[in-house]
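In case you want the letters, here they are:
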Amino acid sequence: MQNHIVQVKNASFSYGEKRIFSDISFFVKSKEVLCIIGPNGCGKTTLLDCILGVLKLEQGEVLIGQKNLDNIKPNQLAEKVAYVPQVHRRTFPYTVRDIVLMGRAYKTNIFSSPDEGDMEITNEAMEKVGILHLADRPYTQISGGQCQLVMVARALAQQPRVIIMDEPTSHLDFKNELMVLETVADLVKQNNISVIMATHFPNHAYYFETNGILTTLALMNNERFEEIGSPGEILNENNIKKIYGVNSKVLNCNIDKTTFIRQIVPLSIVKEAQ
Amino acid sequence: MKKKILYISIFISPIILAFITLFIGRYPVPIGDMPKILTYPFLRYGSEINDTYYAIIWGIRMPRAVLAALAGASLAVSGAAFQGLFHNPLVNSGMLGVSSGAGFGAALAILLFNNFSYYIYFFALLFGGLAVLLSYTIGRIYKTTPTIMLVLGGVIVSSMFSALVSFIKYVADPYNKLPAITFWLMGSFASVGRRDIFIGVPPMVLGIVGLILIRWRINVLSMGDREAHTLGINTNMEKLIAIGFATLSTAGAVCVGGTIGWIGLIIPHIGRMIVGNDNKALIPISCALGASFLVIIDDIARTLTGGEIPIGILTSLVGGPFFVYLLKKTKGRGW
């Protein structure tokens, strides 16, 4: 029980008449990665918004470290929970350092600015994510992948217990996607951080699992978690067929003596029977 | 080091420019008499001081320089704050309708009263505040204040008040009232005196100081509602505070100087070219630049021709080409 950083109990939400999800329950432990996958529009982002306090659950409750989300002020929430958006809209060319420093906002009051200590934490966060060399660059002039790492560094500067990511790699190229995944995996291993991540790529769950991270996968569809368990158990041909209507194949491969990878590849779209 | 000198000179330039302004004007005040006139209120020695000179310096030029500087600072700072708040570099201090509301208030006061000078302040402040309140209420239609709704609220309210101003112009007496309304709307410091200090300075100073105090928070608010919330900020509350300070300072500026456009838009961008986008540096530098800019423009307005040129005309005429020049020179660096 103490181990649960985030616990969601019997959560339901609707936009007006339209029910998005109902009666979802799960919890996230320390140093655990929870991947949520499901078809477009199944309500992943809405669920994350309810945990972030952007939206309010219709029924059920969200507990952040034993405390009900309704009784947590935004600055208290930011101390525990950080957020990495899907796409960050860049308007003003702030420097990378300015952006990461904003992770310290919850510690300052409205009339003050971050102090030396906050600066140091900011530098550490950028170093951990590997973007310290970009610190003084305008963040409008770096690549999308680097920008996403800036968002991760900003989340890290909050020194949270859990980072919530909404499809953090959805618009990134081949290398940048891996860069973000590697960074997240390192953070979870080396820090006392959990991750809740909505993603379109089932293989992300395998990636974390084969990297030795405690990984849970939730398959979201039809307003609920159809399956929840370890990727090895539930990420299989049957479930993918059920959720996406796609025929697929799980491939296991030993790269060398120590490295093992598992991937699920789509084969064809299931033709409607009868 | 070179940068430091530049910053320091930007910050002291409003004071120097305001001081120089005391020597500029159509009525010649002998330079030799200036030390005596300037120190008279503090030292009060002898009676050999010329009353006319004294009245010109302390009763007219000094209040005018102070008010122009503060108005420039107010408009620039609230423009910078709104650009951050609405994460849009193209908005200015009048975004939520404060200028058009104040303009309507002033026009109404001129229409209704024969001796309107005092009523103008009251009505301009009242309707400027009311316009922002209306925009804010429209923006709160969904109980929170999403930025897009606030912008939309501002556009709706501004256009309604502009229409009302047109209506007042339409019904106003064309020989007496209409010119007064038109001149007021073009903006001018021509008629300001000491009493304007007491009316205009408190809201402007309060608003400027408030925005300077919350300047770092504007960075965070410029990340957009969702991200600002997840960074630990009560976005609705802090937006309201920022809007409150910006409205105070802008309304103060508008009620002494009329509607002066353009400053709230370009001064923050000039500031960005110098110090970058961090509002921690941008807000103070915009404050100093806005003050200097409007003092200079006001000097031009009162000396260029025999009469007064409305300052709103000059800010755009001088400001536009100057801005293009800066864009070309800095190649939009830091932008």
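### Here we look at the overall build of chain B
In step 1: A tally of regular secondary structure across chain B gives 14 helices and zero strands.
In step 2: Written out in order from the N terminus, the α and β elements of chain B read α-α-α-α-α-α-α-α-α-α-α-α-α-α.
In step 3: Principal-axis analysis of the C-alpha atoms gives chain B an extent of 65 × 60 × 40 Å.
In step 4: Looking at chain B as a whole, 49% of its 335 residues qualify as buried.
In step 5: Sequence-distant contacts, at least 24 apart, represent 76% of the contacts inside chain B between residues at least 6 apart.

### Structural notes on the sheet that holds strand β2 (residues 18–29) of chain A
All names here are of chain A.
In step 1: Strand order in the open sheet formed by four strands is β2-β1-β4-β5, with antiparallel pairing between adjacent strands. Of all the strands in the sheet, just β2 and β5 (67–68) have a single pairing partner and so form its edges.
In step 2: Pairing of strand β4 (residues 59–64) with β5 involves two bridges; the strand directions are antiparallel. Looking at the pairing, isoleucine 64 lines up with lysine 67 of β5.

### Some remarks on helix α7 (residues 177–186) of chain B
Each turn of an α-helix holds 3.6 residues, which means side chains three or four residues apart point in the same direction.
Residue and element names in this part refer to chain B.
In step 1: All buried positions along α7 are accounted for by Ile181, Trp184 and Leu185. The arc enclosing the buried residues of α7, seen along the axis, measures out at 95°, which places them on a common side.
In step 2: Note on α7: the residue one or two positions beyond its end, glycine 187, has a positive phi of about 85°.

### Re the pairing of strand β12 (residues 260–269) of chain A
All names here are of chain A.
In step 1: Counting buried residues along β12, only one of its ten residues qualify, which leaves the element largely exposed.
In step 2: Pairing between strand β11 (residues 246–254) and β12: nine bridges, direction antiparallel. Along β12, the bridge assignment pairs asparagine 252 with arginine 262.
In step 3: Counted between consecutive antiparallel strands, the loop separating β11 from β12 contains five residues.

### Focus on the environment of arginine 194 of chain B
Residue and element names in this part refer to chain B.
In step 1: Tracing the backbone shows arginine 194 in helix α8 (residues 194–213).
In step 2: In sequence terms arginine 194 and glycine 59 are 135 residues apart; their C-alpha atoms lie 5.9 Å from each other.
In step 3: Among all residues touching arginine 194, those that are not within four sequence positions of it are Gly59 and Pro63.

### Let's talk about the interface of chain B and chain A
Quoted interface sizes are often the accessible area lost when the parts come together.
In step 1: On the chain A side, the residues contacting the 27 residues of chain B number 24 residues.
In step 2: Of all elements in the fold, only α9 (215–221), α10 (225–230) and α11 (235–257) of chain B reach the threshold of two or more residues within the side of chain B that touches chain A.
In step 3: For the side of chain B that touches chain A, the per-class residue count stands at ten nonpolar, eleven polar and six charged.

### A look at unusual backbone geometry
Residues and elements named next belong to chain A.
In step 1: Phi at glutamine 159 takes a positive value of approximately 50°, unusual for a residue other than glycine.
In step 2: Looking at glutamine 159, the number of C-beta atoms within 10 Å reads 20, which means it is buried.
In step 3: A positive phi angle, close to 50°, is found at asparagine 222, a residue other than glycine.
In step 4: For asparagine 222, the location among the structural elements is in the loop between β9 (214–221) and β10 (224–229).
In step 5: Judged by C-beta crowding, with 14 C-beta atoms within 10 Å, asparagine 222 ranks as partly exposed.

### Description of the pairing of strand β6 (residues 81–84) of chain A
All names here are of chain A.
In step 1: Burial of the side chains of β6 extends over both faces: Val81 and Tyr83 are buried on one face and Ala82 and Val84 on the other.
In step 2: Relative to strand β7 (residues 162–166), β6 is paired through four bridges, and the arrangement is parallel. In the strand pairing of β7, tyrosine 83 is matched with isoleucine 164.

### Some details on the confidence of the model for chain B
In step 1: Per-residue confidence for chain B gives a mean pLDDT of 89, with 97% of residues at or over 70.
In step 2: Model confidence for the complex: the whole-complex pTM is 0.90, and ipTM, which rates the interface, is 0.90.

Analysis parameters
Residues numbered from 1 in each chain as written. Chains lettered and ligands numbered in written order. Predicted model: local features only at pLDDT ≥ 70, side-chain atom pairs only at ≥ 80, totals over all residues. Helix = DSSP H or I, 4+ residues; strand = E, 2+ residues; numbered from the N terminus. Buried ≥ 20, exposed ≤ 12 C-beta atoms within 10 Å, placed from the backbone. Contact = placed C-beta atoms within 7 Å. Pairing = 2+ DSSP bridges. Arc of directions from axis to C-beta. Nonpolar A, V, L, I, M, F, W, Y, C, P; charged D, E, K, R; others polar. pLDDT = per-residue confidence, 0-100.

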